[in-house]
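A structural walkthrough
So the chains spell out like this:
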Amino acid sequence: HLQQLQLENKESLYMKKYEAGELESIKKKYFELLQKNYDLTEAMNLRESLKIPEGFTLYVDPISSQTKKILNLYVSDLHIGARVTNESLYPNQYNYEEVKRRLNEVLSQIKAIKPNEIIINLMGDNIDGMDGFTARRDHPIPQNMDNKEQANNFISLMSDFVFNLRGIAKNIIIYSIGCGNHDGDFGYVVTNWFLEAIKNKFDDVLVYASPRFLASYKINGQLWVISHGKAEAYQKSNLPLTLDEKTKNFIFDWLDSEKIEFDGQVHVVKGDLHSEAYTSCRRMDYRSVLSLFGDSDYAQYNFPINNHGMSYDLIIGQQILRGQFYV
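Predicted model, so just to flag it, every value in this text is computed and none were measured. Residue positions are given per chain, counted from 1 along the sequence in the order it is written. For a predicted model such as this one, the threshold for reporting local features is a pLDDT of at least 70, and the threshold for listing and counting side-chain atom pairs is 80 or more; totals across whole chains, interfaces and linings nevertheless cover every residue. Side-chain measures here rest on the full set of heavy atoms in the structure, leaving out hydrogens and waters.

Turning our attention to the overall build of the protein. Across its full length, the protein holds 6 helices and 11 strands. Think of it in three bands: with a 1.4 Å probe and only protein chains considered, a residue is buried below 20% of the maximum accessible area for its type, exposed above 50%, and partly exposed in between. Counting over 327 residues, the protein shows a buried share of 49%. Contacts are residue-level and defined by heavy atoms, with any inter-residue pair within 4.5 Å sufficient. Nonlocal contacts in the protein, meaning residues at least 24 apart in sequence, comprise 73% of its contacts between residues at least 6 apart. Here the Shrake-Rupley method, with its probe set to 1.4 Å, supplies the accessible areas, and only the displayed protein chains count as covering residues. Summed over all atoms, the accessible surface of the protein reaches about 17,200 Å², with 53% contributed by carbon and sulfur. Put simply, DSSP marks the helices as runs of H or I at least four residues long and the strands as runs of E at least two long, and each gets a number from the N terminus on.

A few words on the packing of aromatic side chains. Working definition: rings of Phe, Tyr and Trp (its six-membered ring) pair if their centres are within 6.5 Å, and the pair is stacked with planes under 30 degrees apart, edge-to-face with planes over 60 apart, and tilted otherwise. Using the criterion set out here, one finds 7 aromatic pairs in the structure. Grouping aromatic residues by their ring pairs yields a cluster made of Tyr175, Tyr208 and Tyr217.

Looking now at the sheet that holds strand S10 (residues 309–316). Pairing between strands is defined by DSSP: at least two bridges between them are needed. The strand order across the open sheet formed by 6 strands is S4-S3-S2-S1-S10-S11, and the pairing between neighbours is mixed. Edge positions in the sheet fall to strand S4 (205–210) and strand S11 (319–326), since each of these pairs with one other strand and no more. Mean inter-strand twist for the sheet, computed between neighbouring axes without regard to direction, equals 20°. Taken together, the 6 bridges between strand S1 (residues 69–75) and strand S2 (residues 117–122) define a ladder with parallel strand orientation. Along S2, the bridge assignment pairs Ile70 with Glu117. Only the stretch in contact is used when a helix axis is fitted, and all axes are lines through C-alpha atoms; the angle between N-to-C directions ranges over 0 to 180 degrees.

Here the focus is helix H2 (residues 96–113). By this rule the span expected of a helix is its residue count minus one, scaled by 1.5 Å. The terminal C-alpha atoms of H2 lie 26 Å apart, and with 18 residues this matches the ideal 26 Å at 1.5 Å per residue to within 8%. When H2 is considered as a whole, its buried residues turn out to be Glu98, Val99, Arg102, Leu103, Val106, Leu107, Ile110 and Ile113. Close packing links the buried residues of H2 with S1, S2, helix H3 (147–165), S10 and S11. Lys114 sits one or two positions beyond H2 and adopts a positive phi of about 60°.

Moving on: the side chain of Ser176. If you trace the backbone, Ser176 turns up in strand S3 (residues 171–177). The residues touching Ser176, leaving out its near neighbours within four places in the chain, are Leu122, Thr191, Leu195, Tyr208, Ala209 and Ser210.

Next up on the list: unusual backbone geometry. Its identity is not glycine, yet His79 carries a phi of approximately 50°, on the positive side. Inspection of the secondary structure puts His79 in the loop between S1 and H2. Residue His79 is classed as buried on the basis of its relative accessible area, which comes to 2%. Here the phi dihedral of Asp131 falls at roughly 55°; this positive angle occurs in a residue that is not glycine. Mapped onto the elements, Asp131 comes out in the loop between S2 and H3. Residue class for Asp131 comes out partly exposed when judged on its relative accessible area of 45%.

The subject of this paragraph is the packing of H3 against helix H4 (residues 184–201). Closest axis-to-axis distance for the H3/H4 pair is 10 Å, and the angle between their directions is 40°. Relative to H4, the crossing made by H3 is right-handed. Only Phe186, Val190, Thr191, Trp193, Phe194 and Ile198 of H4 make contact with H3, whose side of the interface consists of Asn147, Ala151, Asn152, Phe154, Ile155, Met158, Ser159 and Val162. The handedness criterion is simple: a crossing whose near helix is rotated anticlockwise from the far helix by less than a right angle is left-handed, and one whose near helix is rotated clockwise is right-handed.

This paragraph deals with the environment of Lys248. Counting through the fold element by element, Lys248 comes out in helix H5 (residues 245–257). Along the sequence, Lys248 and Val268 sit 20 residues apart, while their C-alpha atoms lie 9.7 Å from each other. Excluding anything up to four places from it in sequence, Lys248 contacts Leu243, Cys281 and Met284.

What follows is about the pairing of S3. Taken across its 7 residues, S3 has 7 buried, putting it largely inside the fold. Inspection of the sheet shows S2 paired to S3 by 6 bridges, in the parallel sense. Each residue of the ladder has a partner; that of Ile118, found in S3, is Ile172. The path from the first strand over the helix to the second decides the hand: if it runs clockwise while the strands point away from the viewer, the crossover is right-handed. Traced from S2 through H3 to S3, the parallel crossover comes out right-handed. The pairing of S3 with S4 spans 6 bridges and is classified as parallel. Bridging across to S4, Ile177 finds its partner in Ser210. With H4 bridging S3 and the parallel S4, this β-α-β connection has right-handed handedness.

Listed below in structure tokens is the structure:
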């Protein structure tokens with residue numbers, strides 16, 4: 001009889017532990033689902049706050065906060081497929097493995113900043129060209145990938161990059177700007193192929209594409225104008241490294257024609273020249289940004305040597321901290 005009581009006590013104790021464990025497991029699952037529902041609700045609220053007028057003029061006014069860190073990342077002139085020859089003045093090995101290494105180095109530096117939101121600006125010349133030529137077809141360029149390899153490698157590399165960024169920041173937005181003078185229409189098609197893949201793969205990444213030479217959006221009420229800097233066909237000369245009177249009037253005329261209103265400064269950011277420079281006037285600041293690729297043979301022989309990497313703005317409230325990720 002005593003043995004029977006001991007067995008019953010053990011059984012009762014075991015069931016209590018089991019039930020307690022089951023309850024803890026259910027509570028854990030409940031809170032996981034609660035958090036997931038909260039995240040989805042926040043994502044939906046963010047989607048509703050994004051207003052995109054006709055003409056692909058891009059606006060975003062994220063939930064404002066004086067402590068929220070928004071990383072505006074300028075992914076310009078990747079030139080996937082470009083090759084620097086053995087006759088170059090300075091070594092610049094650039095292939096799939098090296099691009100991946102440089103992107104991973106950018107990721108590690110972004111982790112140190114710990115942003116709440118990341119805006120990826122794809123700014124043109126994401127791939128190097130087509131059939132060994134630029135979009136203008138006016139001269140051949142050295143390449144180490146054929147057309148398919150350029151397209152597939154760009155999509156693979158940038159998809160991994162976006163996937164890893166999702167582990168760093170809660171909100172990811174991608175703005176793609178048209179008009180690269182190297183990749184042209186081919187680059188535009190490949191980039192939009194990539195954006196469709198991102199939309200299908202990641203429900204929580206917001207994606208917008210503009211085919212235009214200039215695009216704009218707002219962050220915390222401040223206006224950004226983004227451009228590659230040189231169009232694929234009609235533009236005689238590129239936007240300059242530093243701000244001049246002609247460029248200032250060109251930007252203000254465009255803003256006026258688009259009826260884009262803004263208070264204070266307009267922040268103009270452009271790529272193309274693979275160089276970092278910052279100039280400003282009373283109502284405009286103007287920034288040329290780095291290229292992950294860096295310098296080609298032509299650039300090394302004709303311009304000062306540049307670092308390769310990515311430029312960024314870190315926006316906290318109304319404050320803008322400008323920097324570069326050197327790789």
